[in-house]
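Listed below, chain by chain, are the residues.
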Amino acid sequence: MLNIGILGTGTWGTALLRLLANKGHAVTAWSALPQEVEALSATRRHPKLPGMTIPDSVIFTADVAAACRGRDMLVFAVPSPYVRSTARAAAPFAAKDQLIVDVAKGMEAETLMTLTEVIGEEMAKAGKAPRLVALSGPTHAEEVSLDLPTTIVSASPDAQAAARAQDAFMTDRLRVYTNADIRGVEVAGALKNVIALAAGIAGGLGYGDNARAAIITRGIAEMARLGAAMGCSKETFSGLTGLGDLVVTCTSMHSRNNRCGMLIGQGKAPDEAVREVGMVVEGLNALPAALELGKKYGVELPIIEGVHQIVDLGASPRAVVAQLMRRDPKPENWM
């Protein structure tokens, strides 16, 4: 059994800390918000995960050093905009060759780095050489917190690190696969949230299953084209962290991105939609990086560009849909 520090106590971090503690690992969880630490310690419940009880063995702290020192594994579960600052704060207290598992999905807009790359860079500044893993897949926290059957991927070019994370998280309710293509897994995890915004917008406009299926299949084509241009494995995008995660994010009301898009399609401004969702909408955070990557690698991303026109430029969603439908004819499998 491992001694694990979890950085971040949102819904996903909390669902995972419960799973890890129930498996017998010693878990200490950090939040930057002292009031959140107090509430979770006292109630042993998360307000957005009804029906789930946090094991008494889990220790909550607002002291990042206490969460990081002497841990076999650190789990980064903070939203993507806070990954760099959290890594910078944690770096002095991490082991030199710390096993670090990132479970957030996104990319840094300013640098176009994946989240494990961001963590690795901040750790290197502190003289650390961490063993980095990305844990990603079709995994709504609401279902994992209730022990509903789920599959996920432990991705790392370091086969031993991927296997160690696989063993740490795997239960009879969470099946974990390994994948060496960490960049592909992280790119897929970031881009699928933008495509899910598009699916939600279509739903908010009153479009049906045909439109959703088109967005999912053409969306995965965009993701795979960009991934291939970036040197990622094509197979990654047809697997759990690509197609699998895209399907669940585009079809479930557990999905913040799908819900946010639906509200935008119904006429609400993006800021208003985010407030109504009440949690971080990672697709909006990933959108700038997705656009820049498309430009950098010369890859056409019509659905992602359409989301940009609606969210950032205030274009009419119906006009953007009409624009997409009128694009020049092409064979389905063009690259």
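Computed from a prediction, not measured in an experiment: that's the story for all the values here.

Topic: the overall build of the chain
- From N to C terminus, the chain includes 16 helices and eight strands.
- Against the globule reference of 20 Å for 335 residues, the chain gives a C-alpha radius of gyration of 19 Å, in line with a compact fold.
- Each of the three principal axes of the chain carries a C-alpha extent, and together these read 60 × 40 × 35 Å.
- Residue pairs in contact within the chain that sit at least 24 positions apart in sequence constitute 71% of those at least 6 positions apart.
- For the chain, the computed accessible surface area is about 14,000 Å², with 54% contributed by carbon and sulfur atoms.
- The positive charge centre, built from 33 side chains, and the negative charge centre, built from 34, are 1 Å apart in the chain.

A look at the packing of helix 15 (residues 302-311) against helix 16 (residues 317-325)
- Their axes nearest at 9 Å, the elements helix 15 and helix 16 cross at an angle of 160°. Compared by their axis directions, helix 15 and helix 16 come out roughly antiparallel. Seen along the crossing, helix 15 lies across helix 16 with a hand that is right-handed. Across the interface between the two elements, Pro302, Ile303, Gly306, Gln309 and Ile310 from helix 15 touch Pro317, Val320, Gln323 and Leu324 from helix 16.
- Here the contact of helix 15 with helix 16 is composed, by residue class, of six nonpolar, three polar and no charged.

Some details on unusual backbone geometry
- The backbone of Arg44 sits at a positive phi, close to 55°, despite the residue not being glycine.
- Within the secondary structure layout, Arg44 lies in the loop between helix 2 (34-43) and strand 3 (59-61).
- A residue is classified by how much of its surface remains accessible, and Arg44, at 13% relative accessible area, is buried.
- Of note in this structure, Leu112 is not a glycine but carries a positive phi near 65°.
- Positionally, Leu112 belongs in the loop between strand 5 (99-102) and helix 5 (115-125).

Side note on the packing of helix 8 (residues 182-204) against helix 11 (residues 240-251)
- Between helix 8 and helix 11, the least distance of the axes is 9 Å, while the angle of their chain directions is 30°. Considering their axes alone, helix 8 and helix 11 lie roughly parallel with respect to each other. Remark: the crossing between helix 8 and helix 11 carries right-handed chirality. Contacts from Val185, Ala188, Gly189, Lys192, Asn193, Ile195, Ala196 and Ala199 of helix 8 reach helix 11 at Thr241, Gly242, Asp245, Leu246, Thr249 and Cys250.

Regarding the environment of Ala290
- Turning to its location among the elements, Ala290 is positioned in helix 14 (residues 282-297).
- When the C-alpha positions of Ala290 and Leu191 are compared, they lie 6.7 Å apart, and in sequence the two are 99 residues distant.
- With residues near it in sequence (within four places) discarded, Ala290 still touches Leu191, Leu301 and Ile304.

Topic: the pairing of strand 1 (residues 3-7)
- The buried fraction of strand 1 is high, at four of five residues.
- Note: strand 1 against strand 2 (residues 26-30), five bridges, orientation parallel. What sits directly across from Ile4, in strand 2, is Val27.
- In this fold, the crossover linking strand 1 to strand 2 by way of helix 1 (residues 11-22) has right-handed handedness.
- Bridging between strand 1 and strand 4 (residues 73-76) involves four bridges; their strand directions are parallel. Looking across to strand 4, one finds that Leu7 is bridged to Phe76.

Looking at the side chain of Ser136
- Among the structural elements, Ser136 can be located in strand 6 (residues 131-136).
- Here Ser136 is in contact with Lys105, Ile152, Val153, Val185, Gly189, Thr241 and Asp245, once residues within four sequence places are set aside.

Remarks on the side chain of Thr241
- Within the secondary structure, Thr241 sits in helix 11.
- Overall, the relative accessible area of 2% leaves Thr241 in the buried class.
- Those residues in contact with Thr241, other than ones at most four positions away along the chain, are Ser136, Gly137, Val153, Val185, Ala188, Gly189 and Thr236.

Considering the sheet that holds strand 8 (residues 174-179)
- With respect to topology, eight strands assemble into an open sheet ordered 3-2-1-4-5-6-7-8, the strand pairing being mixed. Looking at the sheet topology across the chains shown, the edges are occupied by strand 3 and strand 8. Going across the sheet, the axis of each strand differs from the next one's by a mean of 25°, ignoring polarity.
- Here helix 8 sits on the sheet and contacts strand 5, strand 6, strand 7 (150-155) and strand 8; the angle it forms with strand 6, its principal contact strand, is near 40°.

So, the pattern of salt bridges
- On inspection of all chains with the given rule, the structure shows 15 salt bridges.
- One salt bridge connects Arg84 with Glu108, and the closest N-O pair in it is separated by 2.8 Å. Of this pair, Arg84 sits in helix 4 (residues 83-90) while Glu108 sits in the loop between strand 5 and helix 5, and the two are 24 residues apart along the sequence.
- We classify Arg84 as buried; its relative accessible area is 13%.
- Given the relative accessible area of 13%, Glu108 is considered buried.
- The structure contains a network of salt bridges with shared partners spanning Arg84, Arg88, Glu108, Glu121, Glu122 and Lys125.

Thresholds applied
- The residue numbers shown here count from 1 along each chain, following its written sequence.
- Where local features are concerned, this predicted model is filtered to residues with pLDDT of at least 70; where side-chain atom pairs are given and counted, the filter is 80 or more; whole-chain, interface and lining totals use all residues.
- Heavy atoms from the whole structure form the basis of all side-chain values; hydrogens and water molecules are not counted.
- Runs of E in the DSSP output that reach at least two residues are strands. Runs of H or I that reach at least four are helices, and both are numbered from the N terminus.
- With C-alpha atoms as the basis for the radius of gyration, the globule rule is written as 2.2 Å multiplied by the number of residues raised to the power 0.38.
- Whether two residues touch is decided by their heavy atoms; if any such pair falls within 4.5 Å, the residues are in contact.
- Working definition of accessibility: Shrake-Rupley area with a 1.4 Å probe, residue cover restricted to the visible protein chains.
- Asp and Glu are treated as the negative residues and Lys and Arg as the positive ones, with His and the ends of the chain left uncounted.
- A charge is said to be at NZ when it belongs to Lys, at CZ for Arg, at CG for Asp and at CD for Glu.
- Interaxial angle, 0 to 180 degrees, is taken between N-to-C directions of lines fitted to C-alpha atoms, where a helix line uses only the stretch in contact.
- Any angle that falls under 35 degrees is termed roughly parallel, while one over 145 is termed roughly antiparallel, one within 65 to 115 roughly perpendicular, and all others oblique.
- In this scheme, a crossing is called left-handed if the near helix is turned counterclockwise away from the far one by less than a right angle; it is called right-handed if the turn is clockwise.
- Any residue outside Ala, Val, Leu, Ile, Met, Phe, Trp, Tyr, Cys, Pro, Asp, Glu, Lys and Arg is labelled polar, Gly included; the first ten of those are nonpolar and the last four are charged.
- Each residue gets one of three labels from its accessible area relative to the maximum for its type: buried under 20%, exposed over 50%, partly exposed in between, using a 1.4 Å probe on protein chains only.
- Each pair of strands is called paired provided DSSP finds at least two bridges between the two strands.
- Seen with its strands pointing away from the viewer, a crossover is right-handed when the path leading from the first strand over the helix to the second is clockwise.
- Salt bridge, as applied in this entry: a Lys or Arg side-chain nitrogen positioned within 4 Å of an Asp or Glu carboxyl oxygen.

Read these as geometric descriptors, not functional statements.
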